[in-house]
Amino acid sequence: MKTIFKLVTKRIGIALITLFIVSAVVFSISNLLPGDAAQEMLGQSATKEAVAELREAYGLNDPPIIRYTKWLGGLVTLDAGVSLANARPVSVLIGDRLSKSLLLAGITTLIAVPFALFLGITAAMHSGERIDKVINVFTLSMVAVPEFLLATILVLVFAVQLNWLPSLSYIAQDAGFYDYFRAFALPVVTLCIVLSAQMARMTRAAVLEQLSQPYVEMALLKGSTFSRAVLKHALPNAVGPIVNAIALSLSYLLGGVVIVEVIFNYPGVASLMVDAVTNRDMPLLQACAMLFCLGYLILVLIADIAAILANPKLRTTG
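Every chain's residues receive numbers from 1 upward, in the order its sequence appears when written. Whole-chain, interface and lining totals are the exception, using all residues; otherwise, since this is a predicted model, local features are given only for residues with pLDDT of at least 70 and side-chain atom pairs are given and counted only at 80 or more. Water and hydrogen atoms play no part in the side-chain values, which are based on all heavy atoms of the structure.

K.L.:
Mind showing me how you'd approach the pattern of salt bridges here?
P.N.:
Oppositely charged side chains are able to pair whenever their charged atoms sit close together. A carboxyl oxygen of Asp or Glu within 4 Å of a side-chain nitrogen of Lys or Arg is what we treat as a salt bridge. Tallying each qualifying case throughout the model produces 2 salt bridges. Between R204 and D132 there is a salt bridge, and its shortest N-O distance comes to 2.9 Å. Of this pair, R204 sits in helix α8 (residues 177–211) while D132 sits in helix α6 (residues 130–144); the two residues are 72 residues apart in sequence, bridging distant segments of the chain. When accessible area is computed with a 1.4 Å probe and restricted to protein chains, residues below 20% of their type maximum are described as buried, those above 50% as exposed, and intermediate ones as partly exposed. Judged by relative accessible area, D132 falls into the buried class, the value being 3%. By definition, any uninterrupted DSSP run of H or I lasting at least four residues is a helix, any uninterrupted run of E lasting at least two residues is a strand, and each is numbered from the N terminus.

Here's what the structure looks like:
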């Protein structure tokens, strides 16, 4: 137990160091973007004096190291600063959108994970057969197709041609279940297809690796049916790699959701970050980027912990 605790603590320490390095990279890259935030706020007709006064008020004239230190100190105390474009606390702006992004990610996860597990386990149980080949072709095709292309095709088919679903994910205040279903249908399907494809392939590989082990052959020799050997013997031993695959695949949501939210005009954190880039709103852009990085590191940390708990070898080599 002490070994597991030590390894988990080590992983958390590495994650914190990585987050610190990422913060420096995010701050540096965001400040390399062309344009002046003060000029964007005041417009092209603003005088040089007004722009200079605004830059001084927001500390934009301070050296980069000073601005980075203040920004990093604010993040540690959960104060990401004030949005330059909206003159509102960044935490408030993100808080208004975060629940919507989490809702989209949650619905996608609830649908994609069972679907991917079903595809992966089915393909492994019928390895080399026609159903395995069909699933492989489907998953390979979906992995190869970019999410923006898939989203565009779905909009053209279901919104433009068939007129079944709206192309924009607008949800009114008094929306009912049917309205939510129509608004979420296309974004969720887009994310689920791409996410499930990669997850199914990783699940298939994990189950196939366990099916090649001697204990499965022994179970079959003792009279166990193949389905029982898979579900009772192989699948429990493949839980670690499968959880690891799920966590790593879900990290895709943090990148794919940016494109999907923009295409469907979904009011989440990702579209807020895109708006921040357009407006040169550095505090908001940096906070959104750090939030996505934090989510990714949490998912990778969960994957590492799951692998440590499932594989005793990692407890001595980790």
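Anyway, onward from the coordinates.
K.L.:
Explanation requested: the state of the cysteines in the structure shown.
P.N.:
By convention in this document, the label disulfide applies to cysteine sulfur atom pairs within 2.5 Å. Inspection of the entire model under this criterion finds 0 disulfides. C288 provides the cysteine sulfur closest to C293, a residue in no disulfide bond, and the two sulfurs are 11 Å apart. Owing to a relative accessible area of 23%, C293 belongs among the partly exposed residues under this scheme.

K.L.:
Even after reading the chapter, I still don't get the packing of helix α5 (residues 90–125) against α6, so can you show me in this structure?
P.N.:
Geometry of a packed helix pair, given as the angle between the helix axes and the separation of the axes. Orientation is described by lines fitted to C-alpha atoms, with helices fitted over the stretch in contact, and by angles between N-to-C directions that extend from 0 to 180 degrees. Direction vectors running N to C along α5 and α6 enclose 140 degrees, while the axes themselves pass 8 Å from each other. With respect to their mutual orientation, α5 and α6 come out oblique. Handedness of the crossing formed by α5 with α6: left-handed. Within the contact between the two elements, α5 uses L119, T122 and A123 and α6 uses I131, D132, I135 and F138. Only Asp, Glu, Lys and Arg are considered charged in this grouping, and only Ala, Val, Leu, Ile, Met, Phe, Trp, Tyr, Cys and Pro are considered nonpolar; every other residue, Gly among them, is considered polar. Split into classes, the residues belonging to the contact of α5 with α6 amount to 5 nonpolar, 1 polar and 1 charged. For classification purposes, angles smaller than 35 degrees are called roughly parallel, those larger than 145 roughly antiparallel, those between 65 and 115 roughly perpendicular, and all remaining angles oblique. For a crossing to be left-handed, the near helix must be turned anticlockwise from the far one by less than a right angle; the clockwise case is right-handed. Working rule for contacts: check all heavy atoms of both residues, and any pair within 4.5 Å makes them a contact.

K.L.:
Is there a simple way to explain the confidence of the model for the protein in this structure?
P.N.:
For residues with low pLDDT, the predicted coordinates do not support detailed interpretation. The pLDDT averaged across the protein works out to 81; a share of 91% of its residues lies at or above 70. The pLDDT value expresses, per residue, how confident the predictor is, ranging between 0 and 100. Here helix α15 (residues 314–317) stands out as the least confident element of the protein, with mean pLDDT 56; α6 is the most confident, with 89.

K.L.:
What is the right way to look at the nonpolar core in this model?
P.N.:
Buried together is how nonpolar side chains tend to be arranged in soluble globular proteins. We define the nonpolar core as a collection of buried residues of types Ala, Val, Leu, Ile, Met, Phe, Trp, Tyr and Cys that are connected through side-chain atoms lying within 4.5 Å of one another. Of all hydrophobic cores here, the largest spans 70 residues; its most connected members are I94, V207 and L284. Here this core takes 15 residues from α8, the largest share from any one element. With sequence-adjacent residues up to four places away left out, V207 is seen in contact with I121, A124, V230, L235, A238 and I242.

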